[in-house]
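Commentary on secondary and tertiary structure
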Amino acid sequence: METDIKEIIKRYGDDKSFLVPILQDVQKRFNYLPREAIQSVSKLLEVPLSQIYHVATFYKAFSLLPRGKHQFQLCVGTACHVRNAALLGEHIERTLGIKPGETTADLEFTFETVNCLGACALGPILVLDEEYHGQMTISKANKILKKLGKKVESDDE
Amino acid sequence: MAEMVTLTIDGREVTASFGTTILEAAQDANIYIPNLCNNEELAPYGSCRLCMVEISHQGHNRLVASCIYEVVDGLQVKTNTERVMNVRKLVIELLLSRNSTHPTIRRIADELGVKATRFPIEEKGCILCGQCVRTCREVVGLSAIGFSGRGITRRIAAPFLDFPPDCIACGSCVYVCPVNFIPMREQNGVRTIIRFDFPMQQCKKCGKFFAPKKQLEYFSKITGLPLEHFETCVDCRKS
Amino acid sequence: MMNKIKSPDELLKLQEKIRASRDPNKPCITICAGTGCLAYGTQKLIDNFKAEIEKRNLTGTVGVRTSGCHGFCERGPLVVVNPKGIFYQRVKIDDASEIIEKTVLNGELIDRLLYTDAQTGAKVTYEHEVPFYKKQMRLVFGMNGQIDPKSLEDYLAIGGYSALAKVLRGMQPEAVIQEVIKANLRGRGGGGFPTGWKWDATRKANDNPKYVICNADEGDPGAYMDRSLLEGNPHAVLEGMIIGAYAIGSSVGYIYVRNEYPLAVTNITIAIEKARELGIIGKNILGTGFNFDIKINRGGGAFVCGESSALFASIEGRAGEPRAKYVHATDRGLYDKPTNLNNVETWANVPLIINKGADWYQSIGTKNSKGTKIFSLVGKINNTGLVEVPMGITLREIVFEIGGGIPKGRKFKAVQTGGPSGGCIPEKFLDMPVDFDELSKIGSMMGSGGMIVMDDRNCMVDVANYFLKFLEEESCGKCTPCREGILQMRKILDRITQGQGKEEDLDMLEWMGQAIIDGSLCALGGTAPSPVLSTIRYFREEYEAHIKDKRCPAGVCKALISYSIDAEACTGCGVCARICPTKAATGEKKQVHTIDQGKCIKCGACFESCKFDAIKVA
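Source: prediction; values computed, not measured. (Residues numbered from 1 in each chain as written. Chains lettered and ligands numbered in written order. Predicted model: local features only at pLDDT ≥ 70, side-chain atom pairs only at ≥ 80, totals over all residues. Heavy atoms only, no water.)

**Notes on the overall build of chain A**
Scanning chain A from N- to C-terminus turns up seven helices and five strands. Dimensions of chain A, computed from the C-alpha atoms along their principal axes, are close to 55 × 30 × 25 Å. Within chain A, buried positions represent 59% of all 157 residues. Contacts in chain A between residues at least 24 apart in sequence constitute 59% of all its contacts with a sequence separation of at least 6. (Helix = DSSP H or I, 4+ residues; strand = E, 2+ residues; numbered from the N terminus. Buried < 20%, exposed > 50% of the residue type's maximum accessible area, 1.4 Å probe, protein only. Contact = heavy atoms within 4.5 Å.)

Here it is, written out as structure tokens:
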């Protein structure tokens, strides 16, 4: 792991002020921020561990827990909210059994909310593994979930 | 000699040197402004917002944190306007909802005429003034503890909420906390801060447990003196 | 490919050369490839066009250009067939070959892809005639449609970097600043601070190095103007920054982009690389000895980092905690050095001002708000998209003439501007001119440009609650009034929406609101109470209905509404029963269905899926 971290830090010229982008690249590499990785960054970049821990827990982009194979992001920006994104969010919560920010126990799905993706004409929007799905409804969401093998309570076929 | 500045606080003319904060100038003139996150040894932080005052300068009125705002010539400061008192009352009611019992909080509440908080109480103890974290960073120089999270999930934390690897158990954070939130005790040669144990060094001469071993290792590192030098307590070293 | 440009005159010659090498009559298919249209699946459409052209051996005769956002997001995917400017909307992925066959090769229009005027029913052929665009003044944003953001030549072909050449050819830095001051360009990020004065203060600050930063954090939910500018015309932003850096005396710049904007990051990175290759940025710019280069920093997902001092903290590798701004950033900002921070749109306006002059810029807008503003018109509106209008246009013109009014024949209720820092504006102010000061007067603000339209089915109490929840999550947590105060305000709003509001709640919210405004450390807390206070001010009766009558007139707050089936309208199709997660909706096939209130969790799935309008909410 330390070799990977060294390589990432080198990409940014060992510059302390690129801590946030460095952690983003580390997360991309390991799917989350393992404790060991954070300790490594602290040692190699010579930044106090407590500062990195604060940064890792402050910014929404970072996860200290392993994330799921599939990542759902529901836009809860104002435009999507006035188009009933909240009800959609509750439905996903119920179906996956997790709250926003959490991952299912089998590490299949992570569900997150995002404060505006900037594609408001398509609201409400659900992003699945970086693919945008617009004009979301509960029935459309069910179709997507079923495709991924998730059982949904209702069947609207 | 530093340039002197003349300002008025609550109608009273006060002089202070350039670079002084309003709070410092007020304290020097025996004018009381409540504050919780301010500490002489630490850089001004401005997080508790109890020390807000209303200033008027070149025709503009606004509220500023007196612990941070530096005095300028001709500044007019009012420490008790309605707007200021409303901020203070809100702040103390909000702090009471986190810590409804500590004498430090209760005393300020009494001064402000706040008998009880209207907000639902959820005892958290810590009022997030940040003095512990700032002390460890600025005075001790180790940043063993820091903040974690943001917004209402903000808390002081040892990294990963586990044993802080950089901590030398000096106890400065415990000492500086205005609401005695961080627990520390010593028993059987072990100092325990929160739930983390730090073995104490026993004096090679008198047998007294006098300092955490980690602290002495740190002194050895920064002074360059051998560790053996620190294995006797200060009193025994003198004799 | 191209050698480094060694002088401003050489740049102008290069522009000429590129223009001369292009045939203005050559057919070119421009496809919008902004994030919005890409979300419609436009990449496949682009691939189809390219494949068709190759198949028909038209490579070289017919051009394909992918551009940034055209603004009419509601009608994407968008294709414009040049040189005539034929505007096709809601293009399907399989329409590529028909468009080439009929329109490009045979000059025929495809009716079903043309925009239909909602009033007259007539078909509109050309982009500039579409009602959505007619009342706009697309000085900054309009360039998007003419260029491929990944192509520096495209930008040069439309005169890009002329302003930079003009500045470096013979303007003194102070003269550049004077021009920007004269134009009265005010910050487009929300603060509305006079840009020229900011530049001036930074230039005069007594320290080095000086930093120039572009704030592309665009955190206001529902606002995506900056993203579309950065994606669609990154060079305009760069040009503005290089001019600004020259005027201020800075050699190091940063662009701080939100983490959630990957395409913007890609396009600005490419733009900087290409500009550097050509000598437009970097060392010895255009051979004049002026050095300036830019680093790109990505945010980590924190709305508060749109606040300047929190943004600096983030660039410095720390958590985004603001600090008190009694000392201005222009004196001590990033790394405690003089820093000039401007928003994306502000930077993009600079080349325009230099090219056409401050006098020209002054002729647009109102007395104290000059130029144009790009707004994202979203929510309950027919023509969702990005619109650029002159300051001083009325809200009514924006919402009804450009926006096409409210969908499904519903009634306008309010428009929210300024994001979580702004306020909700009711119907009575629809004829208000939109400018910085007018919006502030009525308790809202310009903000970054988000304009969220709401109809009679939006509950203002719910909206206020939404904004508080948003800010509660985004607060950095450093100061007491914001961290604890917003939480407690939110809890009061929760009670009200759940039918547990108390008489004294409104007074309490107003008292708390003012104290939080006065006591917070930064503008996040300092403006957080605005949505609540503005909705109490203009929609008090709605709050009172919730508190006194335990009623939600708009039919939104779950605890105060119930779903039922209208026996007259129900056809017994069974869609509601199938989608209901708790089996509350039941019934026999082709028989009237019913909803068991005891089981209903008010998820709204039935309401959303009923095609006969048989589900009633009250």
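Structure shown, so let's carry the discussion forward.
**Focus on the interface of chain B and chain C**
If you look at the interface, chain B gives 34 residues, while chain C gives 30 residues. Contact between chain B and chain C buries roughly 2,700 Å² in total, counting both sides, with carbon and sulfur atoms accounting for 58%. Inspection of the region where chain B meets chain C yields five salt bridges. For C:Glu474, the salt bridge goes to B:Arg150, with nearest N and O atoms at 3.1 Å. For the pair chain B and chain C, the interface holds 15 residue pairs in polar contact (both at pLDDT 80 or more). (Buried area = accessible area lost by both parts, 1.4 Å probe. Salt bridge = Lys/Arg side-chain N within 4 Å of Asp/Glu carboxyl O. Polar contact = N/O pair within 3.5 Å; in protein donor to acceptor, adjacent residues only side chain to side chain.)

**A few points about the sheet that holds strand E9 (residues 190-193) of chain B**
Residues and elements named next belong to chain B. What the four strands build is an open sheet, ordered E8-E9-E10-E11; its pairing is antiparallel. Strands with a single pairing partner mark the edges of an open sheet, and in this sheet they are strand E8 (184-187) and strand E11 (209-212). Averaged over neighbouring strand pairs, the angle between their axes works out to 35 degrees when direction is ignored. Along the sheet, helix H6 (residues 213-223) contacts strand E10 (196-202) and E11; its crossing angle with E11, the most-contacted strand, is approximately 65 degrees. (Pairing = 2+ DSSP bridges. Axes fitted to C-alpha atoms, helices over the stretch in contact; angles between N-to-C directions.)

**Some thoughts on the interface of chain A and chain C**
In many analyses, interface size is given as the accessible surface area lost on bringing the parts together. Each side of the interface is counted separately: chain A has 46 residues, and chain C has 65 residues. Carbon and sulfur atoms supply 56% of the area that chain A and chain C bury against each other, a total of about 4,200 Å² over both sides. Where chain A touches chain C, the interface holds three salt bridges. For A:Glu90, the salt bridge goes to C:Lys558, with nearest N and O atoms at 2.5 Å. Inspection of the chain A/chain C interface yields 23 residue pairs in polar contact (both at pLDDT 80 or more). When contributions to the side of chain A that touches chain C are tallied by element, the ones reaching two or more residues are helix H2 (19-30), helix H4 (49-58), helix H5 (78-81), helix H6 (85-96) and helix H7 (138-147) of chain A.

**Quick notes on the sheet that holds strand E3 (residues 52-57) of chain B**
All names here are of chain B. The five strands are arranged E2-E1-E5-E3-E4 in an open sheet whose pairing can be described as mixed. In this open sheet, the two edge strands, each paired with only one partner strand, are strand E2 (12-17) and strand E4 (60-65). The average angle at which neighbouring strand axes cross in this sheet is 35 degrees, direction not considered. Here E3 runs beside E4; their pairing, made up of six bridges, is antiparallel. The partner of Ile-55 across the bridge, within E4, is Arg-62. Sheet strands in contact with helix H2 (residues 82-96) are E3, E4 and strand E5 (76-78), and its direction is about 155 degrees off that of E3.

**Focus on the pattern of salt bridges**
A side chain of one charge can pair with a side chain of the opposite charge when the charged atoms of the two come close. Under the counting rule described, the total for this entry stands at 59 salt bridges over all chains. One salt bridge connects B:Arg118 with B:Glu93, and the closest N-O pair in it is separated by 2.8 Å. Remark: B:Glu93 occurs in helix H2 and B:Arg118 occurs in the loop between helix H3 (103-111) and helix H4 (131-140); sequence separation between them is 25 residues. The salt bridge involving C:Arg19 is made with C:Glu16; its shortest N-O contact spans 3.2 Å. Here C:Arg19 and its partner C:Glu16 are both found in helix H1 (residues 8-20), three residues apart, which amounts to about one turn of the helix. Of the residues examined, C:Arg19 reaches a relative accessible area of 34% and is grouped as partly exposed. Here C:Glu16 falls in the partly exposed class, since its relative accessible area comes to 45%. In the salt-bridge network here, residues are joined through shared partners; they are A:Glu7, A:Arg11, A:Asp25 and C:Arg298.

**What about the environment of C:Gly405?**
Residues and elements named next belong to chain C. Structurally, Gly-405 can be placed in the loop between helix H16 (395-402) and strand E14 (412-417). Exposure remark for Gly-405: the relative accessible area of 5% places this residue in the buried category. Separated by 390 residues in sequence, Gly-405 and Gln-15 place their C-alpha atoms 42 Å apart. If we skip the residues at most four places from it in the chain, Gly-405 touches Lys-380, Ile-381, Asn-382, Val-399 and Phe-400.

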